[in-house]
Amino acid sequence: MNATVEGQPQSSAPVLAAYSYCEAVTGQQARNFAYGIRLLPTDKRQAMSALYAFSRRVDDIGDGTLPAEAKRERLEATRALLDRVRAGEVEEDDTDPVAVALADTARRFPIPLGGLDELIDGVLMDVRGATYESWDDLKVYCRCVAGAIGRISLGVFGTQPGAQGADRAPEYADTLGLALQLTNILRDVREDAGNGRTYLPADDLAKFGCGEGFGSATPPPGSDFDGLVHFEVRRARALFAEGYRLLPMLDRRSGACVAAMAGIYRRLLDRIERDPEAVLRGRVSLPGREKAYVAVRGLSGLDTRHIARRTVRRRA
């Protein structure tokens, strides 16, 4: 049985060890995510680390080198583990630290675990080699692998009591996830092409003469690659603008976390917009000092106050 400190449950040693493992995974593998969750109080930081570690496991299966059938089997085994978490069947002494941490998180926070099923469904789409004819088709995938994570994270963050429009918070969290994922897709077009994957909608590729794909460090001959990138950047910016309406609904530190993570991706988008062909030459990234600046900006609440003022003006 867990003890209590000032009315709050205190985790047992096995649970703390499980969270420590998840935080180590997050610190080692989450290049951008970790900058945001460092701004959270301990309980929320631990919960977000547990969610990341589980999501990382799912992604690693999809991105690994196993045959497709073996990937499907492992993904369904991971879904079975999620079912055990959902049913409250994971004990503190379970040998899987990610399961222990996720189970404790699910007891502490009202997270919609079905979102992790959606993540598995999205990775199964990757395993099947799905392609996307239109933005509406791609949105289905993005909602599975990123929008769902936004909605799950909202279960950890919660909304402030009396926050105006809080009933739309899951919608905004989902939209922000789409913005992050579309930025990822733009950044990784060359790497994905090397792995035999194409995410950008076929309609958009055809419109800008990029239907042959991205197999080299230069755009396809005769294409308007810059036009394609700028078109997708505008779409991502619109998604960010809508998703950012979530920020004033969150408490200060949760808002800082979201603002930091989203801010890093918005700056990646800025770099991609300035030099579209950079995504064909290598992986576009931000230096650590710039990420740290974005995190400090998020903690200051500048973005949250800006969005709150803009929302008030819209209502006036």
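The notes below deal with the structure included here. Counting from 1, residues in each chain are numbered in the order their sequence is written. The predicted nature of this model means local features are confined to residues of pLDDT at least 70 and side-chain atom pairs, given and counted, to a pLDDT of 80 or more, with totals for whole chains, interfaces and linings taken over all residues. Calculation of side-chain values draws on the structure's entire complement of heavy atoms; hydrogens and water are dropped beforehand.

So, the nonpolar core
Next up, step 1: Membership of the largest hydrophobic core comes to 98 residues, with the highest contact counts inside it found for L102 and L116.
Next up, step 2: If one sorts the elements of this core by residue count, helix α7 (residues 135–157) sits on top with eleven residues.
Next up, step 3: The residues touching L116, leaving out its near neighbours within four places in the chain, are L51, F54, S55, L82, L102, I149 and I152. Throughout, nonpolar core names a set of buried Ala, Val, Leu, Ile, Met, Phe, Trp, Tyr and Cys residues whose side chains join them through atoms within 4.5 Å. For each residue, the accessible area found with a 1.4 Å probe, counting protein chains only, is set against the maximum for its type, and the residue is called buried under 20%, exposed over 50%, and partly exposed in between. Counting from the N terminus, the helices are the DSSP runs of H or I reaching at least four residues and the strands are the DSSP runs of E reaching at least two. We call two residues contacting when some pair of their heavy atoms lies within 4.5 Å.

Details of the environment of A13
Next up, step 1: In this fold, A13 is placed in helix α1 (residues 13–29).
Next up, step 2: The spacing of A13 and E92 is 79 residues in sequence and 9.0 Å in space, taken between C-alpha atoms.

A short note on the pattern of salt bridges
Next up, step 1: Each reported salt bridge corresponds to a side-chain nitrogen of Lys or Arg within 4 Å of a carboxyl oxygen of Asp or Glu. Inspection of every chain in the model, using the stated rule, returns 31 salt bridges.
Next up, step 2: Of the charged contacts, one joins R187 and D188 as a salt bridge, the two residues approaching to 3.1 Å between their closest N and O atoms. The burial state of R187 is the same as that of D188; both residues are buried.
Next up, step 3: Ionic contacts of the salt-bridge type, sharing partners, join the residues E76, R79, D83, R86, D117 and D121 into one network.

Focus: the packing of aromatic side chains
Next up, step 1: Pairs were defined over the aromatic rings of Phe, Tyr and Trp, the Trp ring being its six-membered one, requiring ring centres within 6.5 Å. Orientation was assigned from the angle between planes: stacked under 30 degrees, edge-to-face over 60, tilted for the rest. Under the criterion given, the structure shown has seven aromatic pairs.
Next up, step 2: Consider the ring centre and the ring normal. A charge sits over the ring if Lys NZ or Arg CZ is within 6 Å of that centre and within 35 degrees of that normal. It is R38 that lies over the ring of Y35; its NZ or CZ is 4.8 Å from the centre.
Next up, step 3: Here R266 stacks its cationic end above the ring of Y244, 4.9 Å away from the centre of that ring.

A look at the packing of helix α8 (residues 169–187) against helix α12 (residues 252–274)
Next up, step 1: Only C-alpha atoms enter the line fits that serve as axes; for helices the fit covers just the stretch in contact. Angles between N-to-C directions range over 0 to 180 degrees. The interhelical angle for the contact between α8 and α12, taken along N-to-C directions, is 35°, at an axis separation of 10 Å. Pair α8 / α12 crosses with left-handed handedness. Along the contact surface, α8 presents L176, L180, T183, N184, L186 and R187, while α12 presents V258, M261, A262, Y265, L268, L269 and I272.
Next up, step 2: All amino acids are sorted into three groups, where Ala, Val, Leu, Ile, Met, Phe, Trp, Tyr, Cys and Pro are nonpolar, Asp, Glu, Lys and Arg are charged, and the leftover types, Gly among them, are polar. A breakdown of the residues in the contact of α8 with α12 according to their chemical character gives ten nonpolar, two polar and one charged. Crossings are sorted by hand: turned counterclockwise from the far helix by less than a right angle, the near helix makes the crossing left-handed, and turned clockwise it makes it right-handed.

What to know about helix α4 (residues 68–86)
Next up, step 1: Taking 1.5 Å of rise per residue, the 19 residues of α4 would be expected to cover 27 Å, and the 27 Å separating its terminal C-alpha atoms lies within 8% of that figure.
Next up, step 2: By the burial criterion, the buried members of α4 are K71, L75, T78, R79, L81, L82 and V85. Angular distribution of buried residues about the axis of α4 spans 155°; they occupy a single face of the element.
Next up, step 3: For α4, the elements touching its buried residues are α3 (42–63), α5 (97–108) and α6 (114–128).
Next up, step 4: One or two positions beyond α4, positive phi appears at G88, with a value near 70°. Each residue after the first adds 1.5 Å to the expected span of a helix. Here the arc refers to the set of directions running from the helix axis out to each C-beta atom.

Things to note about the side chain of E290
Next up, step 1: Turning to its location among the elements, E290 is positioned in helix α14 (residues 288–300).
Next up, step 2: Aside from chain neighbours lying at most four places away, what touches E290 is R267 and R271.

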